[in-house]
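Remarks on the overall topology
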Amino acid sequence: MASVGTIVWLSSELMFFAGLFAIYFTLRSVRPDLWEASTAHLNVPFAFVNTAILVTSSLWCQFGVAAAERGQGSRTGGFFEFKKWGMREWFVLTYVFGSVFVAGQVLEYAELAEHGLTLSATAYTSAFYLTTGFHGIHVIGGLLAFLFIIGRSFTTRRYTHRQATGAIVVSYYWHFVDVVWIALFAVIYVLQ
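Now for a quick tour of the structure. In this text, all values refer to a predicted model and were calculated from it rather than measured experimentally. (Residues numbered from 1 in each chain as written. Predicted model: local features only at pLDDT ≥ 70, side-chain atom pairs only at ≥ 80, totals over all residues. Heavy atoms only, no water.)

There is a patch of nonpolar side chains on the surface, built from F16, L119, L130, F134 and I137 and spanning about 430 Å² of accessible area. With three residues, helix α5 (residues 123-153) is the largest single contributor of residues to the nonpolar patch. Here F16 is to be found in helix α1 (residues 2-30). (Patch = residues over 30% accessible without salt bridge, like charges linked within 9 Å, V, L, I, M, F, W, Y side chains within 5 Å. Areas by Shrake-Rupley, 256 points an atom, 1.4 Å probe, with all protein chains shown as cover. Salt bridge = Lys/Arg side-chain N within 4 Å of Asp/Glu carboxyl O. Helix = DSSP H or I, 4+ residues; strand = E, 2+ residues; numbered from the N terminus.)

Right under this line is the structure:
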């Protein structure tokens, strides 16, 4: 039931982001001049690296899910024996990469603000900050979920399918957040 409930909830989140994309495209069609002036300040290579970090975190997350499905909550070998890592270690690595992504967004916002591109500067900046900001909030929510699952892994002696369900559900959310970011990156940074 948790998986089905998460999928239904993510469907509503998909509609939320569809609304943000609609705002973005509507403003772009009405005021293309704002896009020409503002997109020149976007640091596309930096955003690409930040995107690669987030997408890589999804890979680590999936390794954690595979370990959880095997019933391996934590590592069974040495720290550098990656094949013996459990769900906990992979989720900690996912958390680190997700945190680096959020820090990268904060850095990008600071750089844009130095150029006068603040939330209330233009319709473009409002659309940019709303779409990327709400995504950032979702990433932070995912990071909190990872902390919860990691913390819960310390409270069980035997890691079973019941505990693995939480890891699987969090992975659904994390993959959703990654896919949304890939779409945002394509629209904001590639299409400009």
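So that's the structure; there's more coming.
For the rest of this paragraph, the subject is the side chain of S153. Mapping S153 onto the fold places it in helix α5. Within the structure, S153 has its side chain in polar contact with the side chain of R88 (distance 2.9 Å). Once residues lying within four places of it in the same chain are set aside, the contact partners of S153 are M87, R88 and Y159. (Polar contact = N/O pair within 3.5 Å; in protein donor to acceptor, adjacent residues only side chain to side chain. Contact = heavy atoms within 4.5 Å.)

Quick look at the packing of aromatic side chains now. Taken as a whole and judged by the stated rule, the model has 26 aromatic pairs. Consider the rings of W60 and F97, whose centres lie 5.9 Å apart with planes at 90°: the pair is edge-to-face. Separated by 37 residues along the polypeptide, W60 in helix α3 (residues 44-69) and F97 in helix α4 (residues 87-114) bring together distant segments of the chain. The exposure class of W60 is buried, given its relative accessible area of 18%. In this structure F97 comes out as partly exposed when scored by relative accessible area, which is 22%. (Phe/Tyr/Trp six-rings, centres within 6.5 Å; stacked < 30°, edge-to-face > 60°. Buried < 20%, exposed > 50% of the residue type's maximum accessible area, 1.4 Å probe, protein only.)

Evaluated as defined, the whole model comprises two salt bridges. For the salt bridge of R31 with D33, the shortest nitrogen-to-oxygen distance reads 2.9 Å. Using a relative accessible area of 37% as the deciding quantity, one classes R31 as partly exposed.

Here we take up α4. The terminal C-alpha atoms of α4 lie 41 Å apart, and with 28 residues this matches the ideal 40 Å at 1.5 Å per residue to within 8%. Directly beyond the C-terminal end of α4, a positive phi value near 85° is found at G116. (Expected span 1.5 Å × (residues − 1).)

A few words on the packing of α4 against α5. Here α4 crosses α5 at 155°, and the two axes come no closer than 10 Å. In this view, α4 runs roughly antiparallel relative to α5, as classed from their interaxial angle. When you trace α4 past α5, the crossing you get is left-handed. Of the residues that constitute the contact of α4 with α5, the class distribution is 18 nonpolar, nine polar and two charged. (Axes fitted to C-alpha atoms, helices over the stretch in contact; angles between N-to-C directions. Parallel < 35°, antiparallel > 145°, perpendicular 65-115°, else oblique. Left-handed = near helix turned anticlockwise from the far one by under 90°. Nonpolar A, V, L, I, M, F, W, Y, C, P; charged D, E, K, R; others polar.)

Bringing the nonpolar core into the picture now. Judged by nonpolar contacts, the single largest core of 45 residues is most densely connected at M87, F91, Y124, F128, I188 and Y189. Breaking this core down by element, the ones donating at least two residues are α1, α2 (32-38), α3, α4, α5 and α6 (161-191). (Core = buried A, V, L, I, M, F, W, Y, C linked by side-chain atoms within 4.5 Å.)

Let us look at empty space enclosed by the protein. As enumerated under the stated definition, the model contains one cavity of 30 Å³ or more in all. In this structure, the largest cavity spans a volume of roughly 30 Å³. Surrounding the largest cavity, S38, L42, L112, L117, Y124, T125 and F128 form its lining. Here the residues of the lining of the largest cavity are counted per class, giving five nonpolar, two polar and no charged. (1 Å grid on protein atoms, 1.4 Å probe; cavity = no way out; pocket = protein on both sides within 12 Å on 5 of 7 lines; lining within 4 Å. Points joined across faces, edges and corners; volume = space filled by probe spheres on them.)

It is worth spelling out the packing of α4 against α6 at this point. Look at α4 against α6: their axes get within 13 Å of each other, and the N-to-C directions meet at 30°. In terms of their interaxial angle, α4 and α6 are classed as roughly parallel. Judged by the sense of rotation from one axis to the other, the crossing of α4 with α6 is left-handed. The residues of α6 that touch α4, namely those facing M87, F91, T94, G98, F101, Q105 and E108, are A167, W174, W181 and Y189. Residues belonging to the contact of α4 with α6 are distributed by class as follows: seven nonpolar, three polar and one charged.

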